[in-house]
Each structure stands twice: as C-alpha cells, then as structure tokens.
Amino acid sequence: MTGDVAVLGAGMHPWGKWGRSFVTYGRIAAHAALADAGISWPEVRSVVGAQTVRGGYPGYVAGATFARALGWQGARVASVYAACASGAQAVDTARAQILAGLADVVLVVGADAAPKGFFAPAGGERPDDPDWLRFRVLGATNPAYFGLYARRRMALYGDTPEDFAQVKVKNAAAGALNEYARYRKPVTAGEVAASAMVADPLRLLDICATSDGAAALVLSSMEFARRRGVRDPVRIRAVSTVTPTFPRTVLDLPDIGTDSAVAVDPSPESFRASIARAAYEEAGIGPEDLSLAEVYDLSTALELEWYEDIGLCGPGEGAKLLRTGATALGGRIPVNASGGLASFGEAVPAQAVAQVCELTRQLRGRAGERQIPGARVGITANQGLFGHGSAVVAVR
C-alpha cells in the first residue's frame, strides 16, 4: 500500500554538546513538534523511536522511553535501529501504521547524546560483525574511510582538496542562518586548509563532529489533517529503505572485501544511487523536479558523491556542479540548506528525522533567511551501515 501522509508538526532540540540525557533532548523535540502540529499528547496513538545502539546497550528501547518521558497514555510503541538510517526507517514505520489504519496520528522521535571523538566499536570478539572487523583488521575509524572515499574521487575524477573545502564553505554559510545548528559561523576555504590533517586528504573542517541533538515529527493520515482544518500540509510521498544488489564490486565500508563479478555482471548503479531511484519511482518524480535536497555530508567529499547518487549530475561531475554555485543557497538546486552535518554534527538516530524537519520548513516557506523561493519538492538521502538505505521525498 502506498499513499501520502501529512506532516503536521516538526520540532528539534538544538545540536551541540549539552551534557544531558538523550531522553531530555527527545522530550523537548517531541513537545516542539506537538506544539507545531497543534496536537495534544493524548491524541497521539503511536510513538516510533529511532534507536541508538552504542557500547552494546540500546537507548532504553527508544519508543517506550519517549512515551514514558511524555507520560504514559496507552499509545502503541515501536523502536527502530538502522544506524544512520534509523530516522528514515522510523518515518517509514510511522507511515506504514497510518496507511494500514492502525493509527491516525504518530509521533516520530530521534535523539542522541554522542561521545566525543569518532564512534568506536563495542568491546568483545565479533568476527561476524563487519563493523567490528573493519576496526580490528584495518584499524579503519570513520574518518579513515571518509579519507579513502575522498582519495578515490581524486583518483577517478580529479577532485581536489580545494573542491572539498568549498563544500564546507557552502554548508557553513547556510548553518550560520540555522538556529538549531551547532556551528553557526561562516568558514573560509583558507580556514579549512589551515585546520589539522585528520585522514589525508581530509582536514578537521572537512569531517563532521559527533553531537547531542534531537528531532521529532508528528505524522497523520490525510483524512485526519483535513478534519483538523489543514488543507495543504507538507506530505511524505515516498520512503526508500532499499538494500544493496549483488554483486557489490566497489568497496564500501564497513565491508572489507567485494563480491566477485566473474559470473554476474555488476549492477549498473551504486547502492546509494539505488536508494534515490527507489524513492523517485515511488513518488513518481525525478531529480529534475526537486527544489532542494538534504544529503548526508559525513565528509565534504561524500557530499559531492551524493550529488551524483541522487541524479543532480553525472558520475564524476559533483565538483563541477558545486563550482557553478547550483547547490548553494540561491542556486538552482540547493543542497543542505540546513547547513548539513558540517554545521550540526552526528546525532545518529536524529539525523534522518532532522532532514525531514528541514524539508518541512522549506516546503512551508518558513525557513527564514535560508528559505528557498517556491520550494515544492524535496528529497533526503543518507546511508546506514550494513546496507540500510534511507531517502524520503516530501512534497507540497
């Protein structure tokens, strides 16, 4: 079953390092989303929590944790874990419940209180866990493989560190206008070049931080929205949570090997490209219809790759598109008008929810100085470890 669901409310807790529990952040974001929707908490019939799992301990079973923090009122709950794609899968779960008639109003919440530095694996011996293996066998932290992706782009397409730096400059300029962003200061290319080298060729300002933060959405059936007098809400039209296709012939960590293509031809598109294609097909649109995109800029180089994966340009043309100014505020197709992870940092279970919050504000025309004139269609895109696709198409 497919169909639109309405976004009645969007709320966030500012990103940063606040020293409090993820439950506090999630509760604040949830109250903000409910207030934005004009919905009282007892009217919510389901809560879907985007889960974070770190150190082997899940985030208190997030759905019930947030329901308890808001006050038990009998709503059904669900908790979703898909690494960086957790938020999109939470949105998908909420949408499925609404379209199945199980609930008219669903609250989606993602929140995190992240450790400082890079994300390390949990202890113990887990040879069947590809994420554990890439640390144990390769010593490949997240910044290390961000650097490998950047090196691959340099080798294949001629991208330069100066191109990567311009992504940070663009996103910092947008983030400076976003009250929820952690970093709200414009950055120059010279400042990127002067920052510490982390994983050659990427410097400190090329790589996103780890952050605390939260985001929440109130979703409803279109019938419920009409009953509440909301005639033209932002609507979620598609959610893509696809997995890779065999064989995978390009190394994509946490995997540390590729499939053999001796007997089977490689897929004509990358895994990330397949995420966006599935979303476009379900929504009945193409990249030419987009007003904006929010993509997962774990590093500056990865943002350029997403331009190609979501169809804004051909393979290897991401840096060229960037240089034209098309993806900046005021350009033909702004990407990461929120400021992206460059301005927010990673709060893993909240990220994909926050991306939809930005689409909602833009499509409502309420993004302030970041507003994209006439925004009607937007897409989010990110990728969770272990083959979790994540893309959401919102329209108005």
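Residues numbered from 1 in each chain as written. Predicted model: local features only at pLDDT ≥ 70, side-chain atom pairs only at ≥ 80, totals over all residues. Heavy atoms only, no water.

## A look at the overall build of the protein chain
Each helix and strand in the protein chain was counted, giving 13 helices and 13 strands. Taken against the 2.2 N^0.38 rule, which gives 21 Å for 396 residues, the C-alpha radius of gyration of the protein chain at 20 Å falls within 12% of a compact globule. For the protein chain, the C-alpha atoms occupy an extent of roughly 55 × 50 × 45 Å along the three principal directions. Each of the 396 residues in the protein chain was classed as buried or not, and the buried ones make up 58%. Looking at the protein chain, you have 39 positive and 39 negative side-chain charges, and the mean spots of the two groups are 7 Å apart. (Helix = DSSP H or I, 4+ residues; strand = E, 2+ residues; numbered from the N terminus. Rg over C-alpha atoms; globule rule 2.2 N^0.38 Å. Buried < 20%, exposed > 50% of the residue type's maximum accessible area, 1.4 Å probe, protein only. Lys, Arg positive; Asp, Glu negative; His and termini not counted. Charge placed at Lys NZ, Arg CZ, Asp CG, Glu CD.)

## Considerations on the UniProt feature "domain: Thiolase C-terminal" (unreviewed entry) in the protein chain
This chain's UniProt record puts "domain: Thiolase C-terminal" (unreviewed entry) on residues 272–392. Secondary structure across residues 272–392 divides into 39% helix and 14% strand, with the first and last C-alpha atoms of the span separated by 13 Å. (UniProt positions renumbered as here; feature names shortened; annotations may be inferred.)

## Some points on the packing of helix 5 (residues 142–157) against helix 10 (residues 300–309)
The geometry of helix 5 relative to helix 10 is characterised by a closest axis approach of 9 Å and an angle of 60° between their N-to-C directions. Taken together, the axes of helix 5 and helix 10 lie oblique to each other. Taken as a pair, helix 5 and helix 10 cross one another with a handedness that is left-handed. Contact residues: Phe146, Tyr149, Ala150, Arg153 and Tyr157 in helix 5; Ala301, Leu302, Leu304, Glu305 and Glu308 in helix 10. Here the contact of helix 5 with helix 10 is composed, by residue class, of seven nonpolar, no polar and three charged. (Axes fitted to C-alpha atoms, helices over the stretch in contact; angles between N-to-C directions. Parallel < 35°, antiparallel > 145°, perpendicular 65-115°, else oblique. Left-handed = near helix turned anticlockwise from the far one by under 90°. Contact = heavy atoms within 4.5 Å. Nonpolar A, V, L, I, M, F, W, Y, C, P; charged D, E, K, R; others polar.)

## Considering the sheet that holds strand 5 (residues 76–80)
The strand order across the open sheet formed by nine strands is 5-2-6-9-1-10-13-12-11, and the pairing between neighbours is mixed. For this open sheet the edge positions go to strand 5 and strand 11 (292–295), each flanked by a neighbour on one side alone. The mean inter-strand angle of the sheet, taken between neighbouring strand axes irrespective of direction, is 25°. As judged from the five bridges shared by strand 2 (residues 46–50) and strand 5, these two strands associate in the parallel manner. Bridge assignment links Ala50 to a residue of strand 5, and that residue is Val80. (Pairing = 2+ DSSP bridges.)

## Focus on the side chain of Thr380
With respect to the secondary-structure elements, Thr380 resides in strand 12 (residues 377–384). Beyond its immediate stretch of four places on either side in the chain, Thr380 contacts Glu294, Gln355, Val356, Leu359, Ser390, Ala391 and Val392.

## What to know about the pattern of salt bridges
Two side chains of opposite charge can pair, provided their charged atoms sit close to one another. Per the stated rule, a full pass over the model turns up 24 salt bridges. The partner of Arg95 in a salt bridge is Asp92, with the nearest N and O atoms 3.2 Å apart. With a gap of three residues between them, Arg95 and Asp92 both fall in helix 3 (residues 86–99), about one helical turn apart. Assessed through its relative accessible area of 7%, Arg95 is described here as buried. Measuring nitrogen to oxygen at the nearest pair gives 2.6 Å for the salt bridge that ties Glu282 to Arg95. Taken together, the positions of Glu282 in helix 9 (residues 271–283) and Arg95 in helix 3 put the pair 187 residues apart, joining distant regions of the chain. Overlapping salt bridges, with partners in common, bring together Arg153, Asp159, Arg272, Glu305, Glu308 and Asp309 in one network. (Salt bridge = Lys/Arg side-chain N within 4 Å of Asp/Glu carboxyl O.)

## Let's talk about the environment of Arg45
One can find Arg45 in the loop between helix 1 (22–37) and strand 2. Residue Arg45 is classed as partly exposed on the basis of its relative accessible area, which comes to 34%. Put simply, Arg45 and Gly387 are 342 residues apart on the chain and 31 Å apart in space, counted from C-alpha to C-alpha. Among residues more than four places away in sequence, those in contact with Arg45 are Gln73, Gly74, Ala75, Arg76, Ala103 and Val105.

## A word on empty space enclosed by the protein
This structure, assessed with the given rule, holds three cavities of 30 Å³ or more. Quantified by volume, the largest cavity comes out at close to 170 Å³. Forming the boundary of the largest cavity are 19 residues, of which Glu294, Ser338, Gln351, Ala354 and Gln355 lie nearest the centre. For the lining of the largest cavity, the secondary structure elements donating two or more residues are strand 1 (5–16), strand 11, helix 12 (340–344) and helix 13 (351–364). (1 Å grid on protein atoms, 1.4 Å probe; cavity = no way out; pocket = protein on both sides within 12 Å on 5 of 7 lines; lining within 4 Å. Points joined across faces, edges and corners; volume = space filled by probe spheres on them.)

## Some details on the packing of helix 9 against helix 10
Helix-helix packing: each pair is described by the crossing angle between the helix axes and the interaxial distance. Running from amino to carboxyl end, helix 9 crosses helix 10 at an angle of 50°, the nearest separation of the two axes being 9 Å. One way to sum up the angle between helix 9 and helix 10 is to call them oblique. Seen along the crossing, helix 9 lies across helix 10 with a hand that is right-handed. Here Arg272, Ala273 and Ala276 of helix 9 come into contact with helix 10, specifically with Glu305, Trp306 and Asp309. Grouping the constituent residues of the contact of helix 9 with helix 10 by class yields three nonpolar, no polar and three charged.

## Re the nonpolar core
Core analysis: the biggest nonpolar cluster contains 51 residues, and Leu290, Tyr307, Ile310, Leu312, Ile379 and Val393 have the highest contact counts within it. With six residues, helix 9 is the single largest residue contributor to this core. One finds Met12, Ala94, Leu99 and Ala350 within the second-largest nonpolar core, a separate group that totals 42 residues. (Core = buried A, V, L, I, M, F, W, Y, C linked by side-chain atoms within 4.5 Å.)

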